[in-house]
Amino acid sequence: MPGRTHSREFKLDIVNQVENGQKTTAQLSREHHLSPSLIHRWRKEVEARGDAAFTDQARPDPSLEQRIAELERFCGQLSLENTILKKSLSTYRSSRGTK
């Protein structure tokens, strides 16, 4: 059923039941009116993130954000230098009468 939200505990309980062999994905899908693909997504989340699954710990590391900002500034500087060099080359060529 679209639009429902499930607690972290509920998701972990569903995943644990499948992982422990207590119930199949199909059984849990029918019992809780869940899509099998949703249960598979939850299982992948638990495999990928472990104890951090279904939490807000997905926020990027501030040091990574700072590094991205530095690289964006550097990219902007290179773009500006590239534009200046292109204009210089264009001016140089036009002053020599060549294209």
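Residue positions are given per chain, counting from 1 as you read along its sequence in written order. The model is predicted, so local features are restricted to residues of pLDDT at least 70 and side-chain atom pairs to those at 80 or more, both for listing and for counting; the totals for chains, interfaces and linings are taken over all residues. Side-chain figures throughout are based on the complete set of non-hydrogen atoms in the structure, without hydrogens or water.

## Considering the side chain of Q17
As a reminder, the rule being used: For helices the rule is a DSSP run of H or I covering at least 4 residues; for strands it is a run of E covering at least 2, with both sets numbered from the N terminus onward. Burial classification: accessible surface area is computed with a 1.4 Å probe over protein chains only, and a residue below 20% of its type maximum counts as buried, one above 50% as exposed, and the rest as partly exposed. Any pair of nitrogen or oxygen atoms within 3.5 Å is treated as a polar contact; in protein, a donor-acceptor pairing is required on top of that, and neighbouring residues in sequence qualify only through side-chain atoms on both sides. Residue contacts are defined here by distance: any two heavy atoms, one from each residue, within 4.5 Å place the two residues in contact.
Looking at the secondary structure, you find Q17 in helix α1 (residues 8-19). The exposure class assigned to Q17 is buried, which follows from its relative accessible area of 11%. Within the structure, Q17 has its side chain in polar contact with the side chain of D13 (distance 2.9 Å). When residues no more than four places from it in sequence are discounted, the contact partners of Q17 are Q22, K23 and L28.

## A look at the pattern of salt bridges
Using the following cut-off: What counts as a salt bridge is simple: a side-chain nitrogen of Lys or Arg found within 4 Å of a carboxyl oxygen of Asp or Glu.
Enumeration according to the criterion identifies 4 salt bridges in this entry. The closest approach of N and O atoms between E45 and R49, which form a salt bridge, is 2.9 Å. Placement of the pair is E45 and R49 together in helix α3 (residues 36-49), with a separation of 4 residues, close to one helical turn. Since its relative accessible area comes to 26%, E45 is described here as partly exposed. The partly exposed category is assigned to R49, whose relative accessible area is 27%. Residue R67 pairs with E70 through a salt bridge whose shortest N-O separation is 3.6 Å. Placement of the pair is R67 and E70 together in helix α4 (residues 62-96), with a separation of 3 residues, close to one helical turn. Relative accessible area serves as the criterion here: at 33%, E70 is assigned to the partly exposed category.

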